[in-house]
Amino acid sequence: MNRSRTRLALIATVAASAVALSACAGDAESTSNGSDEDRSLIVYSGRDESLIGPIIEKFEEESGIEVKVRYANSIEMAAQLLEEGERTPAQVFLSQEAGALGELANADLLAPLPEEITGAVDPQYSAADDSWVALTGRARVLLYDSESVSEDEVPSDVHALTEPEWQGRVGFAPTNASFQSFVTAMRVLEGEDVAEEWLTGMIDNDTEVFDRNGPIVEAVNTGALDVGLVNHYYWVVAAAEAGGPESMRAQLKFGEPGTVSALVNVTGAGVLASAEDSDEAQEFVEYLVSEQAQEHFVEEAGEYSLLPDGPSPADVPSLDELDGPDLDFSELADLDGTLELLQKVGLL
């Protein structure tokens, strides 16, 4: 527990988030202690409001349960939950990547989920101990400017981006939780030294640093950047808004199958141990793995459904075709090590 809390000192934004959330905790607690007729739920979300907000609204309409949500980066939110411990007013945690959920599970802060929830999705993506359930899949991809670079020129191995030919032509978002989880996966699959060498090589190659993935997509699509590392769904949503892939200057290159370059990470949900007996929390998480919610994630957010034979987003390969690396997602829980590495190389 103490080691996990060290991330509050590693990134200043975590501390700022903790102050803001703590200031709201009293209000959140009073909300959850209403009368028997007032069904309510408190959610800490590491997912953007634009992505998760609409499905929460649908759940409220159908269930009659009022949902109060706190939004922040997944790693910031996990740090807040670790700080609050059993005192947290939160009942459900939504994460944009598996590592933050693994941290909470390792700290015994998540309650085991029932079979009707965990059994709804492909078991290879969720926690083996049923402490959290995967909701959607998101592939790491290279986005490239098709007017300045051909698909054949774009490497399928991210390590090639440290070569001199890519100097000053690539962008990434080191403070993004999905990028940090990607680095964790590289550490797990290829070793600490390899991950450090790659990060250092990217820095030495004048890789442009962005705060978020959205501006990377815009930079590539306007020709300001040749290549960017993002999650696939940013492109799917942008292409849909533009009228289709043919309207996009930015195009996708998927990584070498079976390698970290082809990583498919997951979003997920867990019920806090202090809310294990909450019917509202169980109802909400069960709703998130329903066909209706999964269709929303695919059609509106461009993410992969993890239901058996679930739908895939438009204009990208199916989940089965991606062939990501053989990875136990519980191994992505060492976020501390990744944050320490990013700080060591100067990216945090």
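Chemist: For unusual backbone geometry, give the residues involved together with the corresponding values.
Modeler: Across the chain, the bulk of peptide bonds are trans and the bulk of non-glycine residues have phi less than zero. Positive phi, normally seen in glycine, also occurs at aspartate 108, with a value near 60 degrees. Along the polypeptide, aspartate 108 turns up in the loop between α6 (98–106) and α7 (115–118). Of the residues examined, aspartate 108 reaches a relative accessible area of 63% and is grouped as exposed. In this model, aspartate 323 sits at a positive phi of 55 degrees, which is unusual for a non-glycine residue. Following the sequence through the fold, aspartate 323 ends up in the loop between α14 (319–322) and α15 (335–345).

Chemist: Can you tell me about the packing of aromatic side chains, naming the residues and giving the values?
Modeler: Taken as a whole, this structure holds 8 aromatic pairs when the rule is applied. Consider the rings of phenylalanine 172 and phenylalanine 179, whose centres lie 5.1 Å apart with planes at 65 degrees: the pair is edge-to-face. In this structure, arginine 140 packs its charged tip against the face of phenylalanine 182, placed 5.6 Å from the ring centre.

Chemist: Now, about helix α8 (residues 177–190): what can you tell me, with residues and values included?
Modeler: The end-to-end C-alpha distance of α8, which contains 14 residues, comes to 20 Å, matching closely the 20 Å that a straight helix rising 1.5 Å per residue would cover. Taking burial as the measure, the 14 residues of α8 include 11 buried ones, the bulk of the element. Capping of α8 at its N-terminal end is provided by asparagine 176; its side-chain oxygen lies 2.9 Å from the backbone amide nitrogen of serine 178. Positioned one or two residues after α8, glycine 191 has a phi angle of 105 degrees, which is positive.

Chemist: How would you sum up the pattern of salt bridges? Please name residues and give values.
Modeler: Under the definition given, this model contains 11 salt bridges. Between glutamate 283 and arginine 39 there is a salt bridge, with the nearest N and O atoms lying 2.4 Å from each other. Here arginine 39 lies in the loop between α3 (12–32) and β1 (40–45) and glutamate 283 lies in helix α12 (residues 279–288), a separation of 244 residues in the sequence. Residue arginine 39 is classed as partly exposed on the basis of its relative accessible area of 27%. As a salt-bridge pair, arginine 187 and aspartate 334 come within 2.7 Å of each other at their nearest N and O atoms. With arginine 187 in helix α8 and aspartate 334 in the loop between α14 and α15, the pair connects residues that are 147 residues apart, well separated along the chain.

Chemist: Lay out the packing of α8 against helix α9 (residues 192–204) in plain terms, naming residues and giving numbers.
Modeler: Where α8 meets α9, the closest approach of the two axes is 6 Å, and the angle between their N-to-C directions is 135 degrees. In terms of their interaxial angle, α8 and α9 are classed as oblique. In contact with Phe179, Phe182, Val183, Met186, Arg187 and Glu190 of α8, α9 contributes Glu192, Val194, Ala195, Trp198 and Leu199. Residue composition of the contact of α8 with α9, grouped by class: 8 nonpolar, no polar and 3 charged.

Chemist: Can you lay out the pairing of β1 for me, pointing to particular residues and giving the numbers?
Modeler: Taken across its 6 residues, β1 has 6 buried, putting it largely inside the fold. Side-chain alternation along β1 places Ser40, Ile42 and Tyr44 on one buried face and Leu41, Val43 and Ser45 on a second face that is also buried. Pairing between β1 and strand β2 (residues 66–71): 6 bridges, direction parallel. Each bridged residue has a counterpart across the sheet, and for leucine 41 the counterpart in β2 is valine 67. With helix α4 (residues 49–63) bridging β1 and its parallel neighbour β2, the resulting β-α-β unit is right-handed. One ladder, built from 3 bridges, connects β1 with strand β3 (residues 92–95); its direction is parallel. The residue bridging serine 45 from the neighbouring strand is leucine 94, located in β3.

Chemist: Summarise the side chain of serine 131; cite the residues concerned and give the values.
Modeler: Examined against the element boundaries, serine 131 turns out to sit in the loop between α7 and β4 (133–145). A residue is classified by how much of its surface remains accessible, and serine 131, at 5% relative accessible area, is buried. One polar contact links serine 131 to aspartate 129, side chain to side chain, over a distance of 2.7 Å. Once residues lying within four places of it in the same chain are set aside, the contact partners of serine 131 are Ala105, Leu110, Ala111, Leu113 and Gly270.

Conventions adopted
Residues numbered from 1 in each chain as written. Predicted model: local features only at pLDDT ≥ 70, side-chain atom pairs only at ≥ 80, totals over all residues. Heavy atoms only, no water. Helix = DSSP H or I, 4+ residues; strand = E, 2+ residues; numbered from the N terminus. Buried < 20%, exposed > 50% of the residue type's maximum accessible area, 1.4 Å probe, protein only. Phe/Tyr/Trp six-rings, centres within 6.5 Å; stacked < 30°, edge-to-face > 60°. Lys NZ or Arg CZ within 6 Å of the ring centre and 35° of its normal. Expected span 1.5 Å × (residues − 1). Polar contact = N/O pair within 3.5 Å; in protein donor to acceptor, adjacent residues only side chain to side chain. Salt bridge = Lys/Arg side-chain N within 4 Å of Asp/Glu carboxyl O. Axes fitted to C-alpha atoms, helices over the stretch in contact; angles between N-to-C directions. Parallel < 35°, antiparallel > 145°, perpendicular 65-115°, else oblique. Contact = heavy atoms within 4.5 Å. Nonpolar A, V, L, I, M, F, W, Y, C, P; charged D, E, K, R; others polar. Pairing = 2+ DSSP bridges. Right-handed = clockwise from strand over helix to strand, strands pointing away.

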